[in-house]
Amino acid sequence: GAVVSQHPSWVICKSGTSVKIECRSLDFQATTMFWYRQFPKQSLMLMATSNEGSKATYEQGVEKDKFLINHASLTLSTLTVTSAHPEDSSFYICSAGGLTYNQPQHFGDGTRLSIL
Amino acid sequence: AQTVTQSQPEMSVQEAETVTLSCTYDTSENNYYLFWYKQPPSRQMILVIRQEAYKQQNATENRFSVNFQKAAKSFSLKISDSQLGDTAMYFCASNFGNEKLTFGTGTRLTIIP
């Protein structure tokens, strides 16, 4: 149980294009999902909290116009990196937090984004 | 500020031996959860074990156990009979009473054949 699917797992695209990453909870409903960014050999950095039916909450220093988050249903959140540039290249991971705070977060497999 | 600190960037141990990974944290909250996550080279984050702060009994999951010292704000992970598949990055984390997770910087563990 508690499976989170993230797609795509790897994407390479040209500078200036927009990339959409999907995060789905397959066997449970997730009112809250989280998006993280991870640089090589570093820890996970929380980018934003995605709330079903409302606007995402972004962490300080994260550009909301650059990283668009949509959480239109209880099983799907999307992260769109708009007008991506090489500095946006990174590993992006989503997680689903469940309905109560004491449930552990379950993570997707991550998306490796490479901007040429 | 609520923080999680892992002071061991890298560790290595011979297969079948026992290894302990350290984690300390700082919070003024009384009710929270602590977690250890494993990130193998495939980079998927896998929950290893979790501990409820209001429970004194240390959590165990097969070869994995924790030493939770609430007063000292310490939460170490012990891996017994280590296996090659245990090679990974290990992250200590806490939700500090809310939905967000705060992660430590990680410990890279290598199991030597």
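Draft legend 1. Focus on the overall build of chain B. Summing up its helical and strand segments, chain B has 0 helices and 12 strands in all. Relative to the globule expectation of 13 Å for 113 residues, the C-alpha radius of gyration of chain B, 13 Å, shows essentially globular dimensions. Projected onto its principal axes, the C-alpha coordinates of chain B cover approximately 40 × 25 × 20 Å. As displayed, chain B offers around 5,500 Å² of accessible surface, 44% of which is attributable to carbon and sulfur atoms.

Draft legend 2. Examining the interface of chain B and chain A more closely. Listed per partner, the contact involves 21 residues of chain B and 24 residues of chain A. Taking both partners together, chain B and chain A bury about 1,900 Å²; carbon and sulfur atoms supply 53% of that area. Of all residues in chain B, the largest losses of buried area upon contact with chain A belong to Arg43, Glu99 and Lys100 of chain B, amounting jointly to 34% of the total for that side. Between the two partners, chain B and chain A, sit 6 residue pairs in polar contact (both at pLDDT 80 or more). For the side of chain B that touches chain A, the secondary-structure elements that each account for two or more residues are strand S5 (33–39) and strand S6 (46–52) of chain B. With 4 residues, the top contributor of residues to the side of chain B that touches chain A is S5 of chain B. Class assignment for the residues of the side of chain B that touches chain A results in 8 nonpolar, 8 polar and 5 charged.

Draft legend 3. Spatial organisation of the sheet that holds strand S1 (residues 4–7) of chain A. Residues and elements named next belong to chain A. The sheet built from 4 strands is open, its strands ordered S1-S3-S8-S7 with antiparallel pairing. Of all the strands in the sheet, just S1 and strand S7 (67–73) have a single pairing partner and so form its edges. This sheet shows a mean twist of 15° between the axes of neighbouring strands, independent of strand direction. Alignment of S7 against strand S8 (residues 76–81), held across 5 bridges, turns out to be antiparallel.

Draft legend 4. The pattern of salt bridges, seen in detail. All names here are of chain A. A full pass over the atoms with the stated rule returns 6 salt bridges over all chains. For Glu22, the salt bridge goes to Arg24, with nearest N and O atoms at 3.4 Å. Residue class for Arg24 comes out partly exposed when judged on its relative accessible area of 34%.

Draft legend 5. Region of the structure containing the packing of aromatic side chains. Residue and element names in this part refer to chain B. For the structure shown, the criterion picks out 13 aromatic pairs over all chains. Considering the side-chain rings of Tyr25 and Tyr32, the 5.5 Å spacing of their centres and the 70° angle between planes classify their relative orientation as edge-to-face. Relative accessible area serves as the criterion here: at 2%, Tyr32 is assigned to the buried category. A ring pair is formed by Phe68 and Phe75, whose centres lie 6.3 Å apart and whose planes are at 80°; its orientation type is edge-to-face.

Rules used in this analysis
Residues numbered from 1 in each chain as written. Chains lettered and ligands numbered in written order. Predicted model: local features only at pLDDT ≥ 70, side-chain atom pairs only at ≥ 80, totals over all residues. Heavy atoms only, no water. Helix = DSSP H or I, 4+ residues; strand = E, 2+ residues; numbered from the N terminus. Rg over C-alpha atoms; globule rule 2.2 N^0.38 Å. Areas by Shrake-Rupley, 256 points an atom, 1.4 Å probe, with all protein chains shown as cover. Contact = heavy atoms within 4.5 Å. Buried area = accessible area lost by both parts, 1.4 Å probe. Polar contact = N/O pair within 3.5 Å; in protein donor to acceptor, adjacent residues only side chain to side chain. Nonpolar A, V, L, I, M, F, W, Y, C, P; charged D, E, K, R; others polar. Pairing = 2+ DSSP bridges. Axes fitted to C-alpha atoms, helices over the stretch in contact; angles between N-to-C directions. Salt bridge = Lys/Arg side-chain N within 4 Å of Asp/Glu carboxyl O. Buried < 20%, exposed > 50% of the residue type's maximum accessible area, 1.4 Å probe, protein only. Phe/Tyr/Trp six-rings, centres within 6.5 Å; stacked < 30°, edge-to-face > 60°.

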